[in-house]
Amino acid sequence: MKYDIKNLTLDEKISLVTGGGSFTLSTANGKLKEVIMADGPHGVRACREGIDVKATAMPSLFNVANTWNTELSKLQGETIAEDCIDNNIDILLAPGTNIKRNPLGGRNFEYFSEDPILSGAMARSYIEGVQSKGVGTSLKHYCLNNYEFERLVQSTNCDERAIHEIYLPAFEEAVKAKPYTVMCAYNMINGVYATENKKYFDILRNELGFDGVIISDWGATQNSARALKGTLDVRMPYSTKAKNEIKAGLEQGYITEDDIDRAVLKVIELIEKCDVERKTSTTVEQRHESAFDIASESIVLLKNDDILPLNAKNILLDGRYKHEPIVNGDGSSDVTPVNPPCKLSDELKKELPNSNVFCTNLIESPHVKKREISAFYKYVYENAYSSDVVVLTVGTGWGIEGEGYDRDGAKLSTYEEDLILNTAKVNENVVVVIYAGSYVDVSSWIDKVKGVVLAGYGGEEIQRAVAKVLSGSVNPSGKLSQTFPKNLNNSPFTYRGNGHYIEYKEGIFVGYRYYEKYNEEVEFPFGFGLSYSQFEYSNLKVEKIEEGEYNVSYNVKNVSSVDGKEVSQLYVKDVFCHVERPEKELKAFSKNLIKAGEEITVTHKLTKRDFSYYSTALNGWYLENGDFEILVGASCTDIKLKAKIKIELPFETQYSKYL
Ligand code: BGC
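Being a predicted model, the structure only gives us computed values, none of them experimental.

Draft legend 1. Seen up close, the sheet that holds strand 5 (residues 91-93). Strand order in the open sheet made by the five strands is 1-5-6-8-11, with parallel pairing throughout. Each having just a single partner strand, strand 1 (37-39) and strand 11 (213-216) make up the two edges of the open sheet. Strand-to-strand twist in this sheet, taken as the mean axis angle between neighbours without regard to direction, amounts to 30°. When strand 6 (residues 136-142) meets strand 8 (residues 181-184), the two strands line up parallel, connected through three bridges. Paired with Tyr142 across the strands is Cys184, a residue of strand 8. In the packing of helix 4 (residues 116-131) onto the sheet, contacts are made with strand 5 and strand 6, and the angle to strand 6 comes to roughly 150°.

Draft legend 2. View of the site of the ligand. Taken together, 14 residues are adjacent to the ligand, and Asp39, Arg107, His141, Asp217 and Glu403 come closest. In the model, an oxygen atom of the ligand is placed 2.9 Å from a nitrogen or oxygen of the Lys140 side chain. Alone, the ligand offers 310 Å² of accessible surface; in the complex the protein occludes 93% of this. Split by residue class, the shell around the ligand holds five nonpolar, two polar and seven charged.

Draft legend 3. Structural view of the pairing of strand 23 (residues 549-558). Of all ten residues in strand 23, eight are buried, a share of seventy percent or more. Sheet topology places strand 22 (residues 535-546) next to strand 23; nine bridges connect them, and they run antiparallel. Note on strand 23: the bridge partner recorded for Glu543 is Asn551. Taking the residues that link successive antiparallel strands as the turn, the strand 22-strand 23 hairpin has two residues, and the phi of Gly548 there is positive, at about 90°. Across eight bridges, strand 23 lies against strand 26 (residues 599-606) in antiparallel orientation.

Draft legend 4. Focus on the environment of Lys378. With respect to the helices and strands, the residue Lys378 is situated in helix 13 (residues 370-386). Note: C-alpha distance between Lys378 and His141 (237 residues apart in sequence) is 48 Å.

Draft legend 5. Region of the structure containing the environment of Glu289. Here Glu289 lies in helix 11 (residues 284-298). Classification of Glu289 as partly exposed rests on a relative accessible area of 36%. Separated by 210 residues in sequence, Glu289 and Thr79 have C-alpha atoms that sit 9.8 Å apart.

Draft legend 6. Region of interest: the packing of aromatic side chains. One pass over the full model with this rule turns up 21 aromatic pairs. On the basis of an interplanar angle of 75° and a centroid distance of 6.0 Å, the ring pair of Tyr613 and Tyr622 is categorised as edge-to-face. According to the relative accessible area criterion, Tyr613 is buried, its value standing at 7%. Directly above the ring of Tyr504 sits Arg101, whose terminal nitrogen or CZ lies 3.8 Å from the centroid. The aromatic ring of Phe292 is capped on one face by Arg464, whose charged end is 4.0 Å from the ring centroid.

Draft legend 7. Quick peek at the packing of helix 3 (residues 70-86) against helix 11. Where helix 3 meets helix 11, the closest approach of the two axes is 10 Å, and the angle between their N-to-C directions is 155°. By the angle between their directions, the pair helix 3 and helix 11 is classed as roughly antiparallel. The chirality of how helix 3 crosses helix 11 is left-handed. Across the interface between the two elements, Leu72, Leu75, Gln76, Thr79, Glu82, Asp83 and Asp86 of helix 3 pack against Arg287, Ser290, Asp293, Ile294 and Glu297 of helix 11.

What counts, and at which threshold
- By convention here, each chain's residues receive numbers from 1 onward along its written sequence.
- Given that this is a predicted model, residues contribute local features only at a pLDDT of at least 70 and side-chain atom pairs are listed and counted only at 80 or more, while totals for whole chains, interfaces and linings are drawn from all residues.
- Derived side-chain values reflect all non-hydrogen atoms in the structure, with water molecules and hydrogen atoms excluded from consideration.
- A pair of strands is considered paired only if DSSP assigns at least 2 bridges between the two.
- Only runs of H or I of at least four residues qualify as helices and only runs of E of at least two qualify as strands under DSSP, and these elements are numbered from the N terminus.
- Every angle, taken between N-to-C directions, lies between 0 and 180 degrees, and every axis is a line fitted to C-alpha atoms, over only the stretch in contact when it is a helix.
- Any pair of residues with heavy atoms lying within 4.5 Å of one another is described as a contacting pair.
- Each residue is tested against the molecule or strand, and it is near if at least one of its non-hydrogen atoms lies within 4 Å.
- Under the rule applied, a polar contact is a pair of N or O atoms within 3.5 Å (in protein, one hydrogen donor and one hydrogen acceptor; residues adjacent in sequence only if both atoms are side-chain atoms).
- Accessible surface is estimated by sampling points in the Shrake-Rupley manner with a 1.4 Å probe; for residues, cover comes only from the protein chains shown.
- Residues are grouped as follows: Ala, Val, Leu, Ile, Met, Phe, Trp, Tyr, Cys and Pro are nonpolar; Asp, Glu, Lys and Arg are charged; all remaining types, including Gly, are polar.
- Three exposure classes are used, based on accessible area relative to the maximum for each residue type with a 1.4 Å probe and protein chains only: buried under 20%, partly exposed in between, and exposed over 50%.
- Geometry of aromatic contacts follows a simple scheme: Phe, Tyr and Trp rings, the Trp one being its six-membered ring, pair when their centres are within 6.5 Å, and the pair is stacked under 30 degrees between planes, edge-to-face over 60, tilted otherwise.
- A ring has a charge above it when a Lys NZ or an Arg CZ is no more than 6 Å from the ring centre and no more than 35 degrees off the ring normal.
- Throughout this description, any angle smaller than 35 degrees is read as roughly parallel, any larger than 145 degrees as roughly antiparallel, any in the 65 to 115 degree range as roughly perpendicular, and the remainder as oblique.
- Crossing handedness is defined as follows: a turn of the near helix away from the far one that is anticlockwise and smaller than a right angle gives a left-handed crossing, while the clockwise case is right-handed.

In structure tokens, the structure reads:
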């Protein structure tokens, strides 16, 4: 450390742990560099002198996760970091890696997945991408931040096993990329605010290995002296109240100057880390291309009854996103794009020069008056009747998905459901493109249409990517990073809590772990997504490295005439155990470009941790000897290959505090 803490007055030290401004750390009266932060995770979101900074609007983390491509998550990080450098930003407040527990969670589009392995891998790569450019990150929101209802006051109550198996591993993996900071959440964890929860800070530092600065979410700190005592490093943003609380805490002897110094030393270390020269290496145009590349791989083809790629003469394009898309969700992650996002209508015309792509100039919004709708309906349906194919763009939007509120339901608006159903009555070739940042209940119309494409919240280049998927010049390769259940009628996840607390009673059974355990039928399983190629899986080999550790390999062949990318998934099933375990759990995945007719070999390593569960009796990871299955699939329900193994570890090596 270059700067000596002894040169700081007590007031300056207090300022360093209570923030300098809305998005800056204190400079301790100009003695240290000013560190500037800005939101992520979908691009730079900042405001300068009352004007929004314009930046590359990247796909949402929902989309990034649907690529199942860690290289693209890294690219997302690198691209945003370049915009940070242009805007003098030292720390990007991203990524969020909370587990999507409730399909109606308002910020699901800002998180990666319902699965810890996928979330962790994506978050780690994202951080590596940002920090490779010398810009810091803030991994958020630590932890158990999975809903918006009463987010500032409600306690998320959860058992230790689920915390360790479901909610912490993504943070653990992400921390391996050494994020400069971790942002702790608004909610309480088991009755104690996340900002002052020493137990979970200790776990973060001692078990997960985090050695950077812990900052609070904006305004999350109830009392700054209590938070400092709990070992929070910086309370954000600046507030005089926070300073006074610290001074009062010192006067009362509740905290000591040593407590302040502990945090100050970390903050100085952070400020010095940010004091570097950074240079961009891409143009704004190249960043648009990165947004396009990620968007292209994030699109999930959910249904295709021989309708896609489009090959029709007259194509009617309608619905509210037929021109501009919804770029991203509402709240702190909203980015103002540099260029206006491209229009689907224009892009589709470019992609299909031999077709007649036309739009009915129907109402853009579902809020138009009923009388107007009926006039338009007649017009739309007459056009739909005389077209060869109808592409309908539907989805959620601001006011439905956003920070600060959860969704009320997962269905499209009645207006949009009617549009789909009535169009399908007059034309049997309907393709629906969904723009949403999370799960959409498609149950009432899915059987009536031939094609469904999930565009997600795909950033400023999503329409170009959608047009290319519809035309076939991009072969879809996204897969679902979260389950699409049939509906939410039997879901335990949609209960919001009583305003004081919410109990995560389902424990470790979150996402597909829940639907599989309780045999709940799902519409589209976790890991599902179609392609214009077909793939065959074969030759699963499991070779023991040592007891409890294996090299796994298998082949995937593209048996079609179209080049394509396939996401293959490796799951482990514990066949017999003395504690409840999920039917299967994702342990590894791989996304590979496989040329038409080509066969590739995919390899993975499984370690003891992949077979262990978190034992609350032992407070650590325990591998119970016995039978396990290694399952390789194209989704969590489409298992193609299976191998059986038996693990017989000597008893003294079955348990480990950390694995
Ligand atoms: C959000 C954070 C964000 C912060 C700063 C909070 O409301 O929860 O994700 O980074 O604001 O904008």
